[in-house]
Amino acid sequence: MTNNNTSRKSNLYQVLSLSSENVGPEEIKKAYRKLARQHHPDVRPASGKEESTRRFLEIREAYETLSDPATRLVYDYELSNVNSVGRLRWSEGSTSSSRAVWQMQLHGLKERSRVRMERKIYSS
């Protein structure tokens, strides 16, 4: 999933009603499940289906981004480099941070590739 996080209208932590960015995977999962049950289109009245569907998709996107360590790292990095006007801020330390993000992305790709290869071997 690759989105331009700097163009998002809301902070994904706020979408999941989390008070800070210093939360663990269990808190993220708990917040997601609570909000998903509340806003799932199948449990809402017909008059609010469109709004609940939009909100549910927003909640799901937030969970998918924040529950994956690699995409969360990228999101947190981009979030920290956005100023109050919503524009990307360039910082002197961004080179080392960019390298760390790149290394996490590379690790994630290698891990997914390894899992795919194992599935291919075992399914043969």
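Every chain begins its residue count from 1, and numbering advances along the sequence as written. In keeping with the predicted nature of the model, local features appear solely for residues at pLDDT of at least 70, side-chain atom pairs appear and are counted solely at 80 or more, and the whole-chain, interface and lining totals rest on all residues. The basis for every side-chain value is the complete set of heavy atoms in the structure, and neither hydrogens nor water enter the calculation.

Named according to an unreviewed UniProt entry, the protein chain is J domain-containing protein originating from Linum tenue.

Describe the side chain of Asn 11, and please don't skip the residues or the numbers.
Secondary structure elements are defined from DSSP: runs of H or I of at least 4 residues count as helices, runs of E of at least 2 residues count as strands, and each element is numbered from the N terminus. Here Asn 11 shows up in the segment before α1 (12-15). Each residue is placed in one exposure class: buried if its accessible area under a 1.4 Å probe, protein chains only, is under 20% of its type's maximum, exposed if it is over 50%, and partly exposed if it falls in between. The class of Asn 11 is buried, set by a relative accessible area of 17%. Two N or O atoms count as a polar contact when they lie within 3.5 Å, although within protein this holds only if one can serve as hydrogen donor and the other as acceptor, and sequence-adjacent residues are included solely when both atoms are side-chain atoms. Within the structure, Asn 11 has its side chain in polar contact with the backbone nitrogen of Tyr 13 (distance 2.7 Å).

Describe the packing of helix α2 (residues 25-39) against helix α3 (residues 49-67), listing the residues and the values that go with them.
With their axes 9 Å apart at the nearest point, α2 and α3 run at an angle of 165° to one another. Relative to α3, α2 is oriented roughly antiparallel. Where α2 crosses over α3, the handedness of that crossing is left-handed. Contacts between α2 and α3 pair Ile 28, Lys 29, Tyr 32, Leu 35, Ala 36 and His 39 from the former with Ser 52, Arg 55, Phe 56, Ile 59, Arg 60, Tyr 63 and Leu 66 from the latter. Angles shown run from 0 to 180 degrees and are taken between the N-to-C directions of axes, each axis being a line fitted to C-alpha atoms and, for helices, limited to the stretch in contact. Orientation labels follow simple angle bins: below 35 degrees gives roughly parallel, above 145 gives roughly antiparallel, 65 to 115 gives roughly perpendicular, and whatever is left gives oblique. Here a crossing is called left-handed whenever its near helix is offset anticlockwise from the far helix by less than a right angle, and right-handed whenever the offset is clockwise. In what follows, residue pairs with any heavy atoms lying within 4.5 Å of each other are defined as contacts.

Account for the environment of Met 104, naming residues and giving values.
Take Met 104: it is sitting in helix α5 (residues 94-123). C-alpha separation for the pair Met 104 and Val 74, spaced 30 residues apart in sequence, amounts to 8.6 Å. The contact partners of Met 104, leaving out residues within four places of it in the chain, are Pro 69, Ala 70 and Leu 73.

Can you break down the packing of α3 against helix α4 (residues 69-80) residue by residue, with the values?
Running from N to C, α3 and α4 point in directions that differ by 100°, and their axes come no closer than 5 Å. Overall, the two elements α3 and α4 adopt an arrangement that is roughly perpendicular. Taken together, the residues of α4 that come into contact with α3 (itself represented by Glu 64, Thr 65, Leu 66 and Ser 67) are Pro 69, Thr 71, Arg 72 and Tyr 75. A breakdown of the residues in the contact of α3 with α4 according to their chemical character gives three nonpolar, three polar and two charged. Just so you know the grouping, Ala, Val, Leu, Ile, Met, Phe, Trp, Tyr, Cys and Pro go in nonpolar, Asp, Glu, Lys and Arg go in charged, and all remaining residues, Gly too, go in polar.

Requested: an account of the side chain of His 39, with residues and values cited.
By the element assignment, His 39 lies in helix α2. When sequence neighbours within four positions are dropped, the list of residues in contact with His 39 reads Arg 44, Ser 52, Arg 55, Phe 56 and Ile 59.

Tell me about unusual backbone geometry, residues and numbers included.
Residue Ser 17 is not a glycine yet carries a positive backbone phi of 60°. Here Ser 17 lies in the loop between α1 and α2. On the basis of relative accessibility, which here comes to 56%, the residue Ser 17 falls in the exposed class.

So what about the confidence of the model for the protein chain? Which residues, and what values?
Per residue, pLDDT measures the predictor's confidence, with a range of 0 to 100. On average, residues of the protein chain score 79 in pLDDT, and 78% of them reach the 70 mark or higher. Confidence, expressed as mean pLDDT per element, reaches its minimum in the protein chain at α5 with 78 and its maximum at α2 with 94. Predicted confidence is poor over residues 89-93, with pLDDT under 50, and the contacts of this stretch with residues over four places away or in other chains come to five contacts.

Break down a positive patch on the surface for me, citing the residues and quoting the values.
Like charges within 9 Å and nonpolar side chains (Val, Leu, Ile, Met, Phe, Trp, Tyr) within 5 Å are joined into patches, using only residues over 30% in relative accessible area that form no salt bridge. A 1.4 Å probe and the Shrake-Rupley method give the accessible areas. Residues count as covered only by the protein chains that appear here. Any Lys or Arg side-chain nitrogen located within 4 Å of an Asp or Glu carboxyl oxygen qualifies as a salt bridge. The charged-residue count follows a simple rule in which Lys and Arg add positive charge and Asp and Glu add negative charge, with His and chain termini not counted at all. For this purpose, a charge sits on NZ of Lys, CZ of Arg, CG of Asp or CD of Glu. On the surface, a cluster of positive charge is made up of Arg 112, Arg 116, Arg 119 and Lys 120. Turning to its location among the elements, Lys 120 is positioned in helix α5.

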